[in-house]
Amino acid sequence: MRNLLMITHSAGFKHDYLPTAKKVVKKIGLESRMFNVVATDECSLLNSEDLKKFDAILFATTGELPITDEQKTAFINAIKGGKGFIGVHNATDTFYEFPEYGRMIGGYFQAHPWKGEVMVIVEDTKHPATRHLPRKFMVKEEVYTFKNWSREKTHVLISLDPSSVDLSKGTRPDNDYALCWCHNYGEGRVFYTAFGHFKELWHEGWFQIHLLNGILWAMKLL
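These numbers were taken from a predicted model, which means no experiment stands behind them.

About the thresholds
- Along every chain, residues carry numbers that run from 1 in the direction the sequence is written.
- Whole-chain, interface and lining totals are the exception, using all residues; otherwise, since this is a predicted model, local features are given only for residues with pLDDT of at least 70 and side-chain atom pairs are given and counted only at 80 or more.
- Side-chain measures were taken over the full set of non-hydrogen atoms in the model, leaving aside hydrogen atoms and water.
- Think of a nonpolar core as a cluster: buried Ala, Val, Leu, Ile, Met, Phe, Trp, Tyr and Cys residues, connected wherever their side-chain atoms sit within 4.5 Å.
- Each residue is assigned to one of three classes by its accessible area relative to the maximum for its type, calculated with a 1.4 Å probe on protein chains only: buried under 20%, partly exposed between the two thresholds, exposed over 50%.
- Numbered from the N terminus, helices here are DSSP runs of H or I no shorter than four residues, and strands are runs of E no shorter than two.
- Contacts are assigned to residue pairs with any non-hydrogen atoms lying within 4.5 Å of each other.
- The pairing criterion for strands is at least two bridges between them, as found by DSSP.
- When the strands point away from the viewer and the path from the first strand over the helix to the second turns clockwise, the crossover is right-handed.
- Expected helix span is given by 1.5 Å per residue-to-residue step, counting one fewer step than there are residues.

A.B. asks: Honestly, the nonpolar core in this entry has me stumped. Any pointers?
C.D. replies: One recurring pattern in soluble globular proteins: nonpolar side chains tend to sit buried together. Counting residues in each nonpolar core, the largest one holds 78 residues, and the members touching the most others are Phe 59, Phe 75 and Tyr 101. It is helix α5 (residues 205-218) that provides the largest number of residues to this core, a total of eight residues. Not counting residues up to four positions away in its chain, the partners in contact with Phe 59 are Ile 7, Leu 46, Leu 65, Phe 75, Phe 85, Ile 86, Gly 87, Val 88, Ala 91, Phe 95 and Tyr 101.

A.B. asks: Would you take a moment to explain the pairing of strand β1 (residues 2-7) for this structure?
C.D. replies: The two faces of the sheet receive side chains in turn, since in a regular strand these alternate between them. Bridge count between β1 and strand β2 (residues 35-40): six bridges; the pairing is parallel. Following the sheet pairing, Ile 7 is matched in β2 by Thr 40. Remark: the β1/helix α1 (residues 18-32)/β2 crossover connection has right-handed handedness. Relative to strand β3 (residues 56-59), β1 is paired through four bridges, and the arrangement is parallel. Within the sheet, the bridge partner assigned to Leu 4 lies in β3 and is Ala 56.

A.B. asks: What is the right way to look at unusual backbone geometry in this model?
C.D. replies: Leaving glycine aside, a negative phi is the common case for residues, and trans is the common case for peptide bonds. Phi is positive for Arg 33, close to 60°, though the residue is something other than glycine. The exposed category is assigned to Arg 33, whose relative accessible area is 69%.

A.B. asks: Just to check I follow, could you spell out α1 for this structure?
C.D. replies: Side chains of residues three or four places apart in an α-helix project in the same direction, reflecting 3.6 residues per turn. For α1, spanning 15 residues, the distance from its first C-alpha to its last is 21 Å, which sits close to the expected 21 Å at 1.5 Å a residue. Contacts made by the buried residues of α1 are with β1, β2 and α5. Of the residues flanking the end of α1, it is Arg 33, one or two places downstream, whose phi is positive at about 60°.

A.B. asks: Please explain the environment of Ile 76 as it appears in this structure.
C.D. replies: Examined against the element boundaries, Ile 76 turns out to sit in helix α3 (residues 69-80). You can call Ile 76 buried: its relative accessible area is 4%. As for Ile 76 and Tyr 17, which are separated by 59 residues in sequence, their C-alpha atoms are 26 Å apart.

Shown next as structure tokens:
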């Protein structure tokens, strides 16, 4: 069994899905028999010694997490050194004052101009986190847009169908709104999904498989 460290510290907005998320991530780890989960809203385990015990780190966080520069270096070096990183929804709304984090995750939250039912497009139908999904599907979500993000720097798995929203509310001139992506960072793998704002989504089978396989991919098990 692998070990996953799940951090849910909210230094900014506190999402109400977090208690549900902790239960679901523990459940999918247990039921898959692939990983154990240590879920905490404390950040003390983000240090070089404790991180050795984990195969991947999952962030469902906001704001400037209360860790030292030494901890930041240990955390980033753990990913560079081969540990997996999984970011969920507001993980991009984290560490704006820590630019290397932004480079690692792939971009920062900019706005959420659309909230409700939207159409999304699965761009990679073969990746473990998306291969179970239809090419297009509707989902209720608070849609994030991103800054310091470019598809040249990552591999897009799911994007927003621009025809399903009022683009005049958008934040990007290119109307390119990715909702899930993955890439390598040093020796580590990074998986980010912007889904998860509404707690009911965490009970949906497709989302649990999406998240499970994203975690397993980041752990290099898929």
